[in-house]
Amino acid sequence: MRPAMDKTAFTVCKITNALGIKSWRYTLFMNLTFSRSTFLFLCSLIISLPGVNGEDLESTLYSTNQLLRVEIRMDKEDWGKLARQGRNIQEALSDERLAGKFNKPYTYYPGKVTINGKTFKNVGIRKKGFIGSLDSQRPSLKIKLNYEDKHQSIGDVTHLTLNNCKQDKSLVNQYLTYTIFRMADAPAPRCTYAHVTVNGENLGIYANVESMKKPMVEHHFGSDDGVLYEGTVVDFFSGWEDSFERKFGSKKKGKAVISGIVDALNESDSKKLLKSIEHNLDLDAFIQFWATEGIVGLPDGFSGNANNYFFYIHHDSEKALFIPWGADYAFTNRSLFFNFRRCNSVRTSSRLPAKLYGIPSIREKYRKTLIQILDKAWNEEFLAQEIERVEKIFAPHVHQRQRNYLYSLNKTRRFIRERRENIMEEIAEGMPEFRLREKQPIIFKTVGHIKGNFSAVYLEKEPQNDDWIGIGAQNLKVDLFDKPLDFEKSGLYVARARGKGRTTLYMKFSKPNTVRDSLISFSLSSRYLENPPDDWFSITGKFKEIGGFFLGRKSASFLGEIKINKIEVNDENERIIRGEIDGRFQKMKNGI
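These figures come from a predicted structure and were not determined experimentally. Counting restarts for each chain, with residues numbered from 1 along the sequence as it is written. Since the coordinates come from a predicted model, pLDDT governs what is reported: local features require at least 70, and pairs of side-chain atoms require 80 or more to be given and counted, while whole-chain, interface and lining totals use all residues. By convention in this description, side-chain values take in all heavy atoms of the structure and omit both hydrogens and water.

**Here we look at the overall build of the protein chain**
Our working definition: Strands are runs of DSSP state E lasting at least two residues, helices are runs of H or I lasting at least four, and both sets are numbered from the N terminus onward. We call two residues in contact whenever any of their non-hydrogen atoms come within 4.5 Å of each other. Every accessible area reported is derived by Shrake-Rupley at a probe size of 1.4 Å, with residue values counting cover from the shown protein chains alone.
Scanning the protein chain from terminus to terminus reveals 16 helices and 20 strands. Excluding contacts between residues fewer than 6 apart, the proportion of contacts in the protein chain whose partners are at least 24 apart in sequence is 67%. Surface summary for the protein chain: the accessible area is close to 27,800 Å², and the carbon and sulfur share equals 46%.

**Some points on the pairing of strand E8 (residues 227-231)**
Short version of the rule: The buried label applies to any residue whose accessible area, calculated with a 1.4 Å probe on protein chains only, is under 20% of its type's maximum; exposed applies above 50%, and partly exposed to all values in between. By definition, two strands form a pair when at least two bridges between them are found by DSSP.
The element E8 is largely enclosed, with a buried count of 5 among its 5 residues. Where burial is concerned, the two faces of E8 agree: the one with Val 227, Tyr 229 and Gly 231 and the one with Leu 228 and Glu 230 are both buried. Here 5 bridges tie E8 to strand E10 (residues 309-313), and the two strands are oriented antiparallel to one another. Among the inter-strand pairings, Glu 230 is bridged to a residue of E10, identified as Phe 310. The pairing of E8 with strand E9 (residues 245-248) spans 3 bridges and is antiparallel. Within E9, the residue paired with Leu 228 across the bridge is Phe 248.

**A closer look at the confidence of the model for the protein chain**
Cut-off, in case you're wondering: A residue's pLDDT is simply how confident the predictor is in it, with values from 0 to 100.
Averaged over all residues, the pLDDT of the protein chain is 87; the fraction at 70 or higher stands at 86%. Contacts from residues 1-10, a stretch scored under 50 in pLDDT, to residues over four places away or in other chains number 20 contacts.

**Digging into the sheet that holds strand E1 (residues 68-73)**
Inclusion rule: In this analysis an axis means a line fitted to C-alpha atoms, helices contributing only their contacting stretch, and an angle means the value between N-to-C directions, from 0 to 180 degrees.
Strand order around the closed barrel formed by 7 strands is E1-E2-E3-E4-E5-E7-E6, with mixed pairing between neighbours. Averaged over all neighbouring strand pairs, the angle between strand axes comes to 40 degrees, with direction disregarded. In this sheet, strand E7 (residues 201-210) lies alongside strand E6 (residues 191-198) in antiparallel orientation, the contact comprising 8 bridges. Following the sheet pairing, Thr 192 is matched in E7 by Asn 208. Taken strand by strand, helix H6 (residues 173-183) contacts strand E5 (159-163), E6 and E7, and its axis lies near 150 degrees from that of E6.

**Considering the side chain of Thr 158**
Definition in use: Any pair of nitrogen or oxygen atoms within 3.5 Å is treated as a polar contact; in protein, a donor-acceptor pairing is required on top of that, and neighbouring residues in sequence qualify only through side-chain atoms on both sides.
Inspection of the secondary structure puts Thr 158 in the loop between strand E4 (140-144) and E5. Of note is the side chain of Thr 158, whose polar atom sits 2.8 Å from the side chain of His 159.

**Some details on the pattern of salt bridges**
Heads up, the condition is: The salt bridge criterion pairs a side-chain nitrogen of Lys or Arg with a carboxyl oxygen of Asp or Glu, the two atoms within 4 Å.
Tallied over the full model, the rule gives 20 salt bridges. Among the salt bridges present, the one from Glu 433 reaches Arg 363, with a minimum N-O distance of 3.6 Å. Here Glu 433, found in the loop between helix H15 (405-427) and strand E12 (443-458), pairs with Arg 363, found in helix H13 (residues 360-377); they are 70 residues apart in sequence, far enough to count as distant. Judged by relative accessible area, which is 65%, Glu 433 ranks as exposed. Using a relative accessible area of 14% as the deciding quantity, one classes Arg 363 as buried. Linking Arg 420 and Glu 380 is a salt bridge whose minimum nitrogen-to-oxygen distance equals 2.8 Å. With Arg 420 in helix H15 and Glu 380 in helix H14 (residues 380-394), this pair connects stretches of sequence that are 40 residues apart. Look at Glu 380 and you get partly exposed, because its relative accessible area is 24%. Each member of the salt-bridge network shares a partner with another, and the members are Lys 104, Glu 230, Glu 245 and Lys 247.

**Quick word on H15**
Going by this rule: Any helix carries an expected span of 1.5 Å times its number of residues minus one. What is called the bend at a residue is the angle between a pair of axes, fitted to the seven residues leading up to and ending at it and to the seven starting from it.
Compared with an ideal rise of 1.5 Å per residue, which puts 23 residues at 33 Å, H15 spans 32 Å between its outermost C-alpha atoms and is within 8% of the ideal. Considering bend angle alone, the principal kink of H15 is centred on Glu 418 and spans about 45 degrees. Looking only at H15, the buried set comprises Tyr 405, Ser 408, Leu 409, Thr 412, Phe 415, Ile 416, Arg 419, Ile 423 and Ile 427. Residues of H15 that are buried sit in contact with H6, helix H10 (283-296), H13 and H14.

**Comments concerning the sheet that holds E10**
Taken in spatial order, the 4 strands make up an open sheet running E9-E8-E10-E11, and their pairing is antiparallel. Two strands in the sheet have a free side with no partner beyond their single neighbour: E9 and strand E11 (320-324). Neighbouring strand axes in the sheet, compared pairwise and without regard to direction, differ in orientation by 30 degrees on average. With 5 bridges joining them, E10 and E11 adopt antiparallel strand pairing. By the bridge assignment, Ile 313 is partnered in E11 with Ala 320.

**With respect to the pairing of strand E15 (residues 489-496)**
Judged by how many residues are buried, E15 sits mostly within the fold: 6 of 8 residues are covered. Pairing geometry for E12 and E15, over 2 bridges, is parallel. The residue bridging Val 457 from the neighbouring strand is Tyr 493, located in E15. Across 8 bridges, the pairing between E15 and strand E16 (residues 502-510) is antiparallel. Bridging from a neighbouring strand, Arg 496 pairs with Thr 503 of E16.

As structure tokens, then:
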């Protein structure tokens, strides 16, 4: 009869599983008992067993003890286009999301990739990233192996996700966060390190994160017959049901579960809330996920910002199970937008945790779960040695822009050393209580439009007082806040902006019977005036009353397109820019 495992042997098994090592590598320990003093030695032994560092790419793709070498080759012009693609916050958080319309700004470009010496031809490569991780020199990347050849894959893996670690300045946040989640029995993607080059240029260290596709779901849940959703600054409020982006699975089944969670959270009676929500949410699994987010200090996750998460509706239970994502900003006590935090042990910025935390029995269950995770998955000695181990793997290959990683890495080390004490001190007499509030996520609501032709004069410096009146010409139709913008005088000119390489297109209007004039300004690159594109291109801007505050009540941001038709010099030696503009004005709602 097999002897029972002691606590240390069990922890070794958890660690090897979290590191992605196949089960047979730790079953040797199932029949052993040993003292804690051998713990670290055994961990280092396990991850260096033969086969982990073998030649088979499928087995080494998410190996934690070696660096993945990713060499990308593609047309240089295509690479330039890919790198320059981006998104702005108005597009990403547009009110169109409420109708299930999602901004898709990135394009796949053809190329080939060599991974650890094995070449895959005719792959698709695109940029990825929301706002904070965007970079035109070292973009995060998605690689679609079956872009043209539908049978091309690494085992069952057809997509690679390579994060540039722009916000993961320590270079260990993503790796450690997902490892801790799995050690805490909370599903999370596998994550390792990759050294990436493009056309021979060194881009440095990237996080190789398991893509949220069917193979990942099947790996963690044993089936991919359910429904997978991604949540990006979206929460469980009435009217937001279509804002969760469905990746695969039944729309009808997914919508029913989401609506069920929303209806449950609309209940004011806590008993009715709990009874209702357990029909659509695996509550125990959610508390495990939520508490793990709290322990690793994840301000931009689900509980901290209603952001960076997936949930999978299991085919059998028809209940939602949450999965972390975007863990580059972790191991901090800070909130996302401010330097202060109300407490160390829990985050309640999204609606589901806020409503649950107001129920005493759930608070106590959360507290017990915190303690269990600290005992099971938060091993300071192991985490410190794991940091030292992976640093040796990635340090020789960092990009010059990553060379200051050590400062952030030491902050992560300090966080790990102090975390247990900080949490236990705070929850010694129960979970802290504080005022809970439900806030809907930020959204940019369309409040107006502008469309038409214009002629603007290029000026070396801005006109003073009313000297702008009569400059340029326009044939524009403008409406704002449900009313047409009537004006009797206008001025349109282009002037250099303070930012390097930028210019600003100004449109000023004088409205009848008003004290303040109106200003619409658009920022654009100076290169567009040197060599204007043949077609329309995206542009952002803002509207305000002159003398008013940009974020004031009578203000709005602009999102749209512009086309420069002609640049000429008139008889008065003035440079005239003639073009067309078409777009919408938006107003931020809800706030941070």
